[in-house]
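# Understanding the architecture of this molecule
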Amino acid sequence: MFQRRNQTCRAAVFRAPGAPLELQEFDIHRPAEREALVQITLCTICGSDLHTIRGKRNESTPAILGHEILGKVTEVGDPPPLNVDGNPVRKGDRVTWSTCVSCSRCDRCNAGFPQKCRTLFKYGHAVAEGRYALSGGLAEYILLRRGSAVIPLSDALADQVACPVNCATATIAAAYRIADQVAGKRILVLGAGMLGLTAAAFGKWRQASEVTVCDLDAGRLQKASALGADNIVDWKSHDLDDSLPEIVLECSGAPDAVELACHVGDIGSKVILVGSVKQSPPVPLDAQNTVRACLSIHGIHNYTPKDLGTAVEFLLHSSGRFPLAELVQTTYPLTAVNDAIEFAFENRPIRVAIRP
């Protein structure tokens, strides 16, 4: 499709916390071997993007933010990249891909932590300069690097359902991988944002006997009920002391919730911390309770390519069962990206999307 190296596209550039994103033209570079050029069809704005824009997370600038991305391949290198099944990525494929690009060779990759690779690259978290400037989702095109874990997507998945899969959904898949045996277990989810709501539906998909979701926001708790939660609990009621869950997923990152997560479980419970992705005050730990209750406390950040595959499988099986598309409240064009960000700050939707 692209015959000229100087063809351009638009992207929204983040330059400093609190400043509006700026629309800018970027050169479109043709893909080299094992690379692919993708036309972005939808990008959802993650909570971490909003933290960056507000200055609660540090990001090198200038940057094209956005990592929950869905797109269609318009051109591939020679030879083309291979998807996670080992098949060539082809022009016209509807795809998602891992936010993280790893080397697959270092000690961390070999230990099962490719998302912590020594030479890690992350889409939506890079300086927008040079040949790989187009590396974030708030743009019309993105150039996928060699080594990206690419997964083709069925047209049966609506854009709004599929778009968050390579961040929130895959992260929850990773958390449940740590949880291991879920069927028949009692699960407590703290926080009913995108992570927590996804965790509720995922737990029911994995045949948990009971899923309880706790949050401050009544509207979000109602969404949790629609997404499979058997019980919803208002945080202010403190009505969790007798719940004795066997798996606790802390998805809010709030220090009080982290503290609660580490003492509310049953004997032998697993506590999985997912939501603490920005700096926050230290949390006291009742070491005696941890020891006597034989608790396991795990942290999970990002995910592996296998987790992304599990997340796609979950969506394929669950999109007709749960109203997942409704988690994306509204969609804006790229030209109105700052309006979308303002809407997200003022209204706290689960997700807002940008359709270039």
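Up top is the structure.
What counts, and where the lines are drawn
- Residues numbered from 1 in each chain as written.
- Predicted model: local features only at pLDDT ≥ 70, side-chain atom pairs only at ≥ 80, totals over all residues.
- Heavy atoms only, no water.
- Helix = DSSP H or I, 4+ residues; strand = E, 2+ residues; numbered from the N terminus.
- Rg over C-alpha atoms; globule rule 2.2 N^0.38 Å.
- Buried < 20%, exposed > 50% of the residue type's maximum accessible area, 1.4 Å probe, protein only.
- 1 Å grid on protein atoms, 1.4 Å probe; cavity = no way out; pocket = protein on both sides within 12 Å on 5 of 7 lines; lining within 4 Å.
- Points joined across faces, edges and corners; volume = space filled by probe spheres on them.
- Nonpolar A, V, L, I, M, F, W, Y, C, P; charged D, E, K, R; others polar.
- Phe/Tyr/Trp six-rings, centres within 6.5 Å; stacked < 30°, edge-to-face > 60°.
- Lys NZ or Arg CZ within 6 Å of the ring centre and 35° of its normal.
- Pairing = 2+ DSSP bridges.
- Salt bridge = Lys/Arg side-chain N within 4 Å of Asp/Glu carboxyl O.
- Axes fitted to C-alpha atoms, helices over the stretch in contact; angles between N-to-C directions.
- Parallel < 35°, antiparallel > 145°, perpendicular 65-115°, else oblique.
- Contact = heavy atoms within 4.5 Å.
- Arc of directions from axis to C-beta.
- Polar contact = N/O pair within 3.5 Å; in protein donor to acceptor, adjacent residues only side chain to side chain.

### Let's talk about the overall build of the chain
Broken down by element type, the chain carries ten helices and 17 strands. In summary, the chain has a C-alpha radius of gyration of 20 Å against a globular reference of 21 Å for 356 residues, a match within 12%. Along the first, second and third principal axes, the C-alpha atoms of the chain reach 65 × 40 × 40 Å. Looking at the 356 residues of the chain, the share that counts as buried comes to 52%.

### Structural notes on empty space enclosed by the protein
Across all of its chains, the model carries three cavities of 30 Å³ or more by this definition. Counted as a void, the largest cavity has a volume near 70 Å³. Contributing to the lining of the largest cavity are Gln160, Val161, Pro164, Thr169, Met194, Thr198, Phe314, Leu315, Leu324 and Leu327. Put simply, the parts of the chain that give the lining of the largest cavity at least two residues each are α3 (159-162), α5 (194-205) and α9 (305-318). Grouping the constituent residues of the lining of the largest cavity by class yields seven nonpolar, three polar and no charged. Considered as a void within the structure, the second largest cavity measures approximately 40 Å³ in volume.

### Focus on the packing of aromatic side chains
Counting across every chain of the model gives seven aromatic pairs. Ring plane angle 85° and centroid distance 5.1 Å describe the contact between Phe121 and Tyr123, whose orientation is recorded as edge-to-face. Taking the relative accessible area as the measure of exposure, Phe121 reaches 11% and is therefore buried. The structure contains a cluster of three or more aromatic residues connected by ring pairs, namely Tyr176, Phe202, Trp205 and Phe314. Residue placement shows Arg131 over the ring face of Tyr132; its charged tip is 5.1 Å from the ring centre. Over the ring of Tyr132 we find Arg145; its NZ or CZ atom is 4.3 Å from the centre of that ring.

### Details of the pairing of strand β3 (residues 36-44)
On a regular strand, each side chain points to the face opposite its neighbour's, so the side chains alternate between the two faces of the sheet. With seven of nine residues buried, β3 is to be regarded as a mostly interior element. With eight bridges joining them, β3 and strand β4 (residues 68-76) adopt antiparallel strand pairing. Across the sheet, residue Leu42 finds its bridge partner in β4, namely Leu70. Judged from the two bridges that link them, β3 and strand β17 (residues 351-355) form a sheet pairing that is antiparallel. Across the sheet, the residue bridging to Thr44 is Ala353, located in β17.

### Structural notes on the pattern of salt bridges
Scanning the entire structure with this criterion turns up 15 salt bridges. Residues joined by salt bridges that share partners form a network here, namely Arg94, Asp159 and Arg355.

### A closer look at the packing of helix α1 (residues 47-54) against helix α10 (residues 337-347)
Between α1 and α10, the shortest axis-to-axis distance is 11 Å and the interhelical angle comes to 100°. Taken as axis vectors, α1 and α10 run roughly perpendicular relative to one another. For the pair α1 and α10, contact is made by Leu50, Ile53 and Arg54 and by Ile341, Ala344 and Phe345, respectively. Its residues assigned to classes, the contact of α1 with α10 comprises five nonpolar, no polar and one charged.

### Looking at the environment of Lys204
Within the element layout of this structure, Lys204 appears in helix α5. Judged by relative accessible area, Lys204 falls into the buried class, the value being 15%. For Lys204 and Ala183, which are 21 residues apart along the polypeptide, the C-alpha to C-alpha distance reads 8.6 Å. In contact with Lys204, not counting residues within four places along its chain, are Ser209, Val211, Gly228, Asp230, Arg321 and Phe322.

### Quick word on helix α6 (residues 218-226)
Here α6 has its buried residues at Arg220, Leu221 and Ala224. For α6, the buried positions fall inside an angular range of 100° around the axis, keeping them on one side. Exposed and oriented more than 90 degrees from the buried face of α6 are Ala218 and Gln222. For α6, the side-chain oxygen to backbone nitrogen distance between the N-cap and Gly219 is 2.8 Å, and the N-cap itself is Asp217. Looking one or two residues beyond α6, the residue adopting positive phi is Gly228, at roughly 110°.

### Overview of the environment of Phe26
Among the secondary structure elements, Phe26 is positioned in strand β2 (residues 22-27). Since its relative accessible area comes to 8%, Phe26 is described here as buried. Placed 15 residues apart in sequence, Phe26 and Ala11 show a C-alpha to C-alpha distance of 7.2 Å. For Phe26, the contacting residues outside a window of four places in its chain are Gln7, Thr8, Cys9, Ala11, Val13, Ile64, Ala128, Ala133 and Leu134.

### Observations concerning unusual backbone geometry
With an omega of -5°, the peptide bond between Thr61 and Pro62 qualifies as cis. By secondary structure assignment, the location of Pro62 is in the loop between α1 and β4. Even without a glycine there, the phi angle at Ser104 is positive, about 70°. Positive phi outside glycine occurs at Asp180, with the angle close to 70°. Tracing the chain through its elements places Asp180 in the loop between α4 (168-179) and β10 (186-190). The class of Asp180 is partly exposed, set by a relative accessible area of 42%.

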